[in-house]
There are 2 protein chains.
Amino acid sequence: MTPNALDRLIALFCKLPGIGKKSAGRIVYHILDANPSFAETLSRELSGLHKAICRCSVCGGFTESNPAQKQVECIICSNPDRDHSVICVIESAQDMRVIEEGREFVGVYHVLGGLIAPLEGVDPENLSIGKLIARIHNANNQIKEIILALNPTIEGDTTALYLQKQLKDFPVEVTRLASGMPVGGNIEYIDKLTLSRSFRGRTRI
Amino acid sequence: MTPNALDRLIALFCKLPGIGKKSAGRIVYHILDANPSFAETLSRELSGLHKAICRCSVCGGFTESNPAQKQVECIICSNPDRDHSVICVIESAQDMRVIEEGREFVGVYHVLGGLIAPLEGVDPENLSIGKLIARIHNANNQIKEIILALNPTIEGDTTALYLQKQLKDFPVEVTRLASGMPVGGNIEYIDKLTLSRSFRGRTRI
């Protein structure tokens, strides 16, 4: 009973992560009620997105495209002020955004492009692990630490274990982000696994 | 630290209802990771939305534009099988979608375009109340019932009371959707106002 153009747009919004049928409807009616210039701007930015953004040739993160160069280095990899001896290994480019917002880490990144999940058909060969090893190899012992900033899930643990084995012959320290109770959390509501990790990872005060 | 095109798109998605900064980031990275054709399709649909959709000249709901006609009637208003003697008054065009999905109502609609909310600067003159009265007036006693399908909120109650007063001189029955406990609800968790309305609106079984 609703116009086709509306239904088509709602169906497209439904494909985005975290947006169900109801939310998609609300969003599309909101756009329809708003100034048409908003829809035009959103349309223009979406259409230009893949042309404006490409992958960094070093870390695999997203960066602004440069038509003059085929191999682009991102703003972090090309920054001499960053600590290039510490590589933070992350699952996806989005994690880089989150870590950068924390302003804690000053090293460089390496995007794996996923986590090892044999049941979902993701094997080590599907990830940029070979590229990470080549990167460490080509750095001539300049890299001191590899921080594995992978989710504390089965896939994250598997990937961390695999990377640890692959990197054990290199003179680099392999570390992993601490897992335990989140700040502001409540022991009463914490799950057993997290509590167990908090105990095992306890620190002197 | 993130490319400008990404930040601009995330800022645009943040303006949509129900989408915060984190969700917007997730959505934009998802679009970037997906096939570029998805972004192109979404862009094209958004750009064509306001041209494809216009307001129905009778009820004020959304309908497919027709370049040949300036005054377009929607698929419901122009359907002779609908009961044109019953008008369901709704706050926004989106409510029409929800009610149509319920397949309970077979009459026609009237979109108010909001609810009376003096504190937010929405007075009766800002809504299409005059148009509703003209519609009833011009129908020559053909309209038998006006169903007020307005939210059971202060604004909805105020608007319903105002409409009831405005329509009292017309030979139409003015009704309002039942307010009470939702199906599957639990008396233990229901708020006092809803419980009070459930009591007042109780029906014989």
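All of these numbers come straight from a predicted model, not from anything done at the bench. (Residues numbered from 1 in each chain as written. Chains lettered and ligands numbered in written order. Predicted model: local features only at pLDDT ≥ 70, side-chain atom pairs only at ≥ 80, totals over all residues. Heavy atoms only, no water.)

1. Re the interface of chain B and chain A
Note the following rule: Residue contacts are counted whenever heavy atoms from the two residues lie within 4.5 Å of one another. Once two parts are brought into contact, the accessible area they lose, counted with a 1.4 Å probe and summed over both, makes up the buried area. Each reported salt bridge corresponds to a side-chain nitrogen of Lys or Arg within 4 Å of a carboxyl oxygen of Asp or Glu. Whenever two N or O atoms come within 3.5 Å, that pair is a polar contact, provided that in protein one can donate a hydrogen and the other can accept it, and provided that, for residues adjacent in sequence, both atoms are side-chain atoms. By definition, any uninterrupted DSSP run of H or I lasting at least four residues is a helix, any uninterrupted run of E lasting at least two residues is a strand, and each is numbered from the N terminus.
The interface is formed by 53 residues belonging to chain B together with 53 residues belonging to chain A. A buried area of about 5,300 Å², summed over both sides, lies between chain B and chain A, and 69% of it is on carbon and sulfur atoms. Two residues, Arg 97 of chain B and Asp 7 of chain A, come together in a salt bridge whose shortest N-O distance is 3.1 Å. In this structure, the connection of chain B to chain A is made through 13 residue pairs in polar contact (both at pLDDT 80 or more). When contributions to the side of chain B that touches chain A are tallied by element, the ones reaching two or more residues are α1 (4–14), α2 (21–33), α3 (36–52), β1 (53–55), β2 (62–64) and α4 (93–102) of chain B.

2. Section: the sheet that holds strand β3 (residues 83–90) of chain A
In sheet architecture, strand pairing relies on hydrogen bonds along the backbone and comes in two forms, parallel and antiparallel. Residue and element names in this part refer to chain A. In plain terms, the rule: Two strands form a pair only when DSSP identifies at least two bridges running between them. Only the stretch in contact is used when fitting a helix axis, every axis being a line fitted to C-alpha atoms; angles between N-to-C directions are given from 0 to 180 degrees.
Pairing is parallel in the open sheet, where four strands are placed in the order β4-β3-β5-β6. For this open sheet the edge positions go to β4 (107–111) and β6 (173–176), each flanked by a neighbour on one side alone. The mean inter-strand angle of the sheet, taken between neighbouring strand axes irrespective of direction, is 25°. Sitting on the sheet, helix α4 (residues 93–102) is in contact with β3, β4 and β5 (145–149), with an inclination near 155° to β4. Lying over the sheet, helix α6 (residues 154–166) contacts β3, β5 and β6, oriented at roughly 170° with respect to β6.

3. What to know about the relation of the copies chain B and chain A
Quick note on the threshold: Overlaid copies result from least-squares superposition on C-alpha atoms, with residues included only where pLDDT is at least 70 in both.
Mapping chain B onto chain A is achieved by rotating through 180° and translating by 0.0 Å along the same axis, at an RMSD of 0.1 Å. Seen this way, the second copy is the image of the first under a two-fold rotation axis. For chain B, the residue whose C-alpha comes nearest the rotation axis is Ser 43 of chain B, separated from it by 2.0 Å.

4. Comments concerning the packing of aromatic side chains
What counts, and what does not: Centre distance within 6.5 Å is the pairing criterion for rings of Phe, Tyr and Trp, where only the six-membered ring of Trp is used; planes under 30 degrees apart are then read as stacked, over 60 as edge-to-face, and the remainder as tilted. To sort residues, take the accessible area from a 1.4 Å probe on protein chains only and compare it with the maximum for the residue type: under 20% means buried, over 50% means exposed, and anything in between is partly exposed.
Enumeration according to the criterion identifies four aromatic pairs over all chains in this entry. Ring centres of Tyr 29 of chain A and Phe 62 of chain B lie 5.7 Å apart, and the angle between their planes is 40°; on these two criteria the pair is classed as tilted. With one member in each of two chains, Tyr 29 of chain A in helix α2 (residues 21–33) and Phe 62 of chain B in strand β2 form a pair that bridges those chains. For the pair shown, Tyr 29 of chain A and Phe 62 of chain B are each scored as buried.

5. Regarding the nonpolar core
Where we set the bar: Working definition of a nonpolar core: buried Ala, Val, Leu, Ile, Met, Phe, Trp, Tyr and Cys residues. They are joined through side-chain atoms within 4.5 Å.
Grouped together as the largest cluster of nonpolar side chains are 44 residues, with contacts concentrated most on Phe 13, Ile 31 and Leu 42 of chain A together with Phe 13, Ile 31 and Leu 42 of chain B. Elements represented by at least two residues in this core include exactly α1 (4–14), α2 and α3 (36–52) of chain A together with α1, α2 and α3 of chain B. Discounting residues that sit within four places of it in the chain, Ile 31 of chain B has contacts with Leu 16, Leu 46, Leu 49 and His 50 of chain A together with Phe 13, Phe 38, Ala 39 and Leu 42 of chain B. Counting 35 residues, the second-largest nonpolar core is a separate cluster that includes Ile 90, Ile 129, Ile 133 and Leu 148 of chain A.

6. Observations regarding the sheet that holds strand β5 (residues 145–149) of chain B
Residues and elements named next belong to chain B. Strand order across the open sheet formed by four strands is β4-β3-β5-β6, with parallel pairing between neighbours. The open sheet has two edge strands, β4 (107–111) and β6 (173–176), and neither has a second partner. Direction aside, the axes of adjacent strands within the sheet are offset by 25° on average. Of the strand pairs in this sheet, β5 and β6 are connected by four bridges, and their pairing is parallel. Looking at β6, one finds that Ile 146 is bridged to Val 174. Of the strands in this sheet, β3 (83–90), β4 and β5 touch α4, which is tilted by about 155° from β4. Packed onto the sheet, helix α6 (residues 154–167) meets β3, β5 and β6 and runs at close to 170° relative to β6.

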